[in-house]
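Here are the chains, one letter per residue:
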Amino acid sequence: MKKLFLILVAAIGMLGISCHADSKSKSIVPNQYLEAIEKADSVTVLLIDPWSDALDDWMDGYGEVLQTKTCACPELLQASTKALCNPDAFVASEVVKNCAFMPDVAMIYHSKKGDVTVAYSFYCDNIRFAKGDKYQDFDGELVYKDFVNLTAMAYPKDRYVRHLVKQSKSNFK
């Protein structure tokens with residue numbers, strides 16, 4: 001009986017390990033985006049005013065780009081990979097949010113695999129992954145705080161970003 005119990009515990013343990021190892025491949029975000037983020041050697045972070053009447057040609061005119069900063073910041077790149085490439089960060093849902101995509105922040109990850117843009121709308125917690133002329137939107141609610149923190153790493157003194165950090169620490173999100 002004791003032998004059967006030990007075999008059962010070992011089998012469950014092995015099953016848990018293989019499920020955890022397999023979860024990396026189960027992200028609903030396509031690999032083309034994740035690989036470019038993981039391999040990025042620099043990132044350009046844009047602060048955007050989605051409500052502005054002065055629309056830029058960026059991402060089909062989604063607002064005015066207010067600030068742009070490009071850096072090869074290892075901390076920002078590592079934090080981005082940890083947050084965005086986590087297979088549990090985005091979940092499949094049949095619920096469709098009824099709101100316009102109006103990004104406040106975009107991060108363009110530069111790598112030899114090509115540039116990937118990740119834009120986040122704090123207005124409705126939608127996140128858009130784009131490469132070339134193709135894009136895919138996801139519910140970004142689970143990475144809201146991560147995206148606020150990533151933005152704060154690039155713009156720690158920006159008033160709007162400081163407000164987002166303060167809000168993300170409250171019970172509102």
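As a reminder, the structure under discussion sits directly above these lines.
Predicted model only: the values in this text are computed from it and were never measured.

S.K.: How would you explain the sheet that holds strand S6 (residues 134-139) if you had to name every residue and give the values?
M.R.: Strand-to-strand pairing in sheets goes through backbone hydrogen bonds, with the strands running parallel or antiparallel. The antiparallel open sheet is built from 6 strands, whose spatial order is S2-S1-S3-S4-S5-S6. Each having just a single partner strand, strand S2 (64-71) and S6 make up the two edges of the open sheet. Taken over all neighbouring pairs, the strand axes of this sheet differ in orientation by 20 degrees on average, direction set aside. As paired strands, strand S4 (residues 116-121) and strand S5 (residues 126-131) are joined by 5 bridges and run antiparallel to one another. Looking at S5, one finds that Ser121 is bridged to Asn126. Contacts from helix H3 (residues 74-84) reach strand S1 (42-49), S2, strand S3 (105-110), S4 and S5, with the element oriented near 75 degrees to S1.

S.K.: So what's going on with the environment of Phe101? Which residues, and what values?
M.R.: With respect to the element layout, Phe101 can be found in the loop between H3 and S3. The exposure class assigned to Phe101 is buried, which follows from its relative accessible area of 8%. Separated by 26 residues in the primary sequence, Phe101 and Ile127 place their C-alpha atoms 8.4 Å from one another.

S.K.: Any details on the environment of Cys85? Residues and values, ideally.
M.R.: Relative to the helices and strands, Cys85 is located in the loop between H3 and S3. Cys85 sits in the buried class, given a relative accessible area of 10%. Each residue touching Cys85, except ones within four places of it in the same chain, is listed here: Leu34, Ile37, Glu38 and Ser80.

S.K.: Describe in detail the state of the cysteines, supporting the description with residues and values.
M.R.: Tallied over the entire structure, the rule returns 2 disulfides. Disulfide partner of Cys99: Cys124, at an S-S distance of 2.4 Å. Negative torsions about the S-S bond denote left-handed disulfides, and the value of about 85 degrees found for Cys99 with Cys124 makes this one right-handed. Pair noted here: Cys99 is in the loop between H3 and S3 and Cys124 is in the loop between S4 and S5, with a separation of 25 residues, a long-range link. Take Cys99: its relative accessible area is 25%, and that puts it in the partly exposed class.

S.K.: Describe the packing of aromatic side chains, listing the residues and the values that go with them.
M.R.: Per the counting criterion, the structure on display carries 9 aromatic pairs. With a centroid separation of 5.5 Å and 90 degrees between ring planes, the pair formed by Trp51 and Tyr123 is classed as edge-to-face. Separated by 72 residues along the polypeptide, Trp51 in the loop between S1 and S2 and Tyr123 in the loop between S4 and S5 bring together distant segments of the chain. Among the residues examined, Trp51 registers a relative accessible area of 55% and is labelled exposed. When the ring of Phe122 is compared with that of Tyr144, the centres are 5.6 Å apart and the planes differ by 85 degrees; the resulting orientation is edge-to-face. A residue pair is termed long-range when its members are at least 10 positions apart, and Phe122 in the loop between S4 and S5 and Tyr144 in helix H4 (residues 144-154) qualify at 22 residues.

S.K.: So what about the environment of Ala54? Which residues, and what values?
M.R.: Inspection of the secondary structure puts Ala54 in the loop between S1 and S2. Distance in space between the C-alpha atoms of Ala54 and Val65 is 9.2 Å, their sequence separation being 11 residues. Those residues in contact with Ala54 that sit more than four places away from it in its chain are Gly63 and Glu64.

S.K.: I'd like a rundown of the pairing of S4, residues and numbers included.
M.R.: The side chains of a regular strand alternate between the sheet's two faces. In terms of burial, S4 is largely enclosed, as 6 of its 6 residues are buried. Both S3 and S4 contribute to a ladder of 5 bridges, which runs antiparallel. Each residue of the ladder has a partner; that of Ile108, found in S4, is Thr117. Joining the antiparallel neighbours S3 and S4 is a turn of 5 residues, in which Gly114 adopts a positive phi near 105 degrees. Taken together, S4 and the strand that follows it, S5, pair antiparallel across an intervening segment of 4 residues, in which Asp125 is found at a positive phi of about 55 degrees.

Definitions and limits used
- Residues numbered from 1 in each chain as written.
- Predicted model: local features only at pLDDT ≥ 70, side-chain atom pairs only at ≥ 80, totals over all residues.
- Heavy atoms only, no water.
- Pairing = 2+ DSSP bridges.
- Helix = DSSP H or I, 4+ residues; strand = E, 2+ residues; numbered from the N terminus.
- Axes fitted to C-alpha atoms, helices over the stretch in contact; angles between N-to-C directions.
- Contact = heavy atoms within 4.5 Å.
- Buried < 20%, exposed > 50% of the residue type's maximum accessible area, 1.4 Å probe, protein only.
- Disulfide = S-S within 2.5 Å.
- Phe/Tyr/Trp six-rings, centres within 6.5 Å; stacked < 30°, edge-to-face > 60°.

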